[in-house]
Amino acid sequence: MFNYSVRINASVEKASFFESTFGITNLETDDPIFGTALSELPCGKTEDIRDALCDSMKKIVLHTVKNDINDFDAYVRILRNANRIGIENIKICLCTFPENPGEGFINAVKRIIEAAKAFNINILFEPRKKYPVFTNEVYSALRSENTGIIFNPSEYVLGNINPFLGQLYKYKFKDDIAFIRINDMKKDGTPVLPEKGNGEIKECVSAMLSRSYNGYFSFRKYSEEFSLDDVIASFKKMMKEM
């Protein structure tokens, strides 16, 4: 009925694919994977990763990269390896964006997005408070049928914005949201379980489900004060009460 994903640390070896992910089979990973950046994985190692995923009956639905946007060849290798492994979405970290992205930079990103179409891969972006460069205007310039947004309510709490009423309710790219981060925090920045803070998790989830949202609810351990299991249990309780 719902799609869930969970972030794991796959930086070292395939054993991470077999660790408990609370019954969630959709994984999120970052560079390095098996000790190597996705752009540099040799063919043999991509086969090892694919085999490990097959054995563990899981798949990678999101992988984050931080490669220089102007290194188009690196992104072609990323896309080729992602295709071999079966990765659905590539997130380009906004740390790769300059403070004032000009036409040349926008065109370089659009070239990557266009290349991703040939591999049937989506290119995603995650707006964050510390990267104010990613405005609606910038995304409008990049937007394509294979681009999408990762919506993180806590990022808006950090910016003193109500995630639902102040952002999602009037957000013109609602239909582009592919992942919703399930994390919450208070206005002072203290992480708390979902629905215990100012993230308006229930309102955001309810609004998206009313629009037939079929993207992912994304889990990751975001505090040492409680476990990932606690986060998932809190979210499930909220969903049952909606």
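Residues numbered from 1 in each chain as written. Predicted model: local features only at pLDDT ≥ 70, side-chain atom pairs only at ≥ 80, totals over all residues. Heavy atoms only, no water.

(A) Summary view of helix H3 (residues 103-118). Taking 1.5 Å of rise per residue, 16 residues should cover 22 Å, and H3 covers 23 Å from first to last C-alpha, within 8% of that figure. Those residues of H3 that fall on the buried side of the exposure criterion are Phe105, Ile106, Ala108, Val109, Ile112, Ile113, Ala115 and Ala116. Lining the buried residues of H3 we find helix H2 (72-85), strand E4 (89-92), strand E5 (122-125), helix H4 (136-142) and strand E6 (147-151). (Helix = DSSP H or I, 4+ residues; strand = E, 2+ residues; numbered from the N terminus. Expected span 1.5 Å × (residues − 1). Buried < 20%, exposed > 50% of the residue type's maximum accessible area, 1.4 Å probe, protein only. Contact = heavy atoms within 4.5 Å.)

(B) Highlighting the sheet that holds strand E10 (residues 216-219). Around the barrel, which closes on itself, the 8 strands sit in the order E1-E2-E3-E4-E5-E6-E7-E10 with parallel pairing between neighbours. When strand polarity is set aside, the average angle formed by the axes of neighbouring strands in this sheet is 30°. Sheet topology note: the strand E7 (residues 177-181)/E10 ladder contains 3 bridges and is parallel. Note on E10: the bridge partner recorded for Arg181 is Ser218. Packed on one face of the sheet, helix H8 (residues 228-241) meets strand E1 (3-7) and E10 and runs near 145° to E10. (Pairing = 2+ DSSP bridges. Axes fitted to C-alpha atoms, helices over the stretch in contact; angles between N-to-C directions.)

(C) Structural context of the layout of surface pockets. One number sums up the size of the largest pocket: a volume of about 540 Å³. Lining of the largest pocket is provided by 25 residues; of these, Glu126, Arg128, Asn152, Glu155 and Arg220 occupy positions nearest its centre. Residue assignment for the lining of the largest pocket shows that the elements contributing at least two residues are strand E3 (59-65), helix H5 (153-158) and strand E8 (184-185). Of the residues forming the lining of the largest pocket, the biggest block, 3 residues, is contributed by H5. Computed from the structure, the second largest pocket encloses a volume of approximately 300 Å³. Residue lining of the second largest pocket: 16 residues in total, with Pro127, Arg128, Phe134, Tyr156 and Gln167 positioned closest to the centre. (1 Å grid on protein atoms, 1.4 Å probe; cavity = no way out; pocket = protein on both sides within 12 Å on 5 of 7 lines; lining within 4 Å. Points joined across faces, edges and corners; volume = space filled by probe spheres on them.)

(D) Focus on the pattern of salt bridges. Within the structure shown, the criterion is met by 13 salt bridges. Measuring nitrogen to oxygen at the nearest pair gives 3.0 Å for the salt bridge that ties Arg77 to Glu40. Of this pair, Arg77 sits in helix H2 while Glu40 sits in the loop between strand E2 (26-30) and helix H1 (43-56), and the two are 37 residues apart along the sequence. Given a relative accessible area of 29%, Arg77 falls into the partly exposed group. In this structure, Glu126 engages Arg181 in a salt bridge whose closest nitrogen and oxygen atoms are separated by 2.9 Å. A residue pair is termed long-range when its members are at least 10 positions apart, and Glu126 in the loop between E5 and H4 and Arg181 in strand E7 qualify at 55 residues. Judged by its relative accessible area of 5%, Glu126 is buried. Take Arg181: its relative accessible area is 2%, and that puts it in the buried class. (Salt bridge = Lys/Arg side-chain N within 4 Å of Asp/Glu carboxyl O.)

(E) Structural context of H2. Here H2 is 14 residues long and its end C-alpha atoms lie 20 Å apart, about the 20 Å a rise of 1.5 Å per residue gives. Within the sequence span of H2, burial applies to Phe72, Ala74, Tyr75, Val76, Ile78, Leu79, Asn81, Ala82 and Ile85. Following H2 by one or two positions, Gly86 adopts a phi angle in the positive range, close to 95°.

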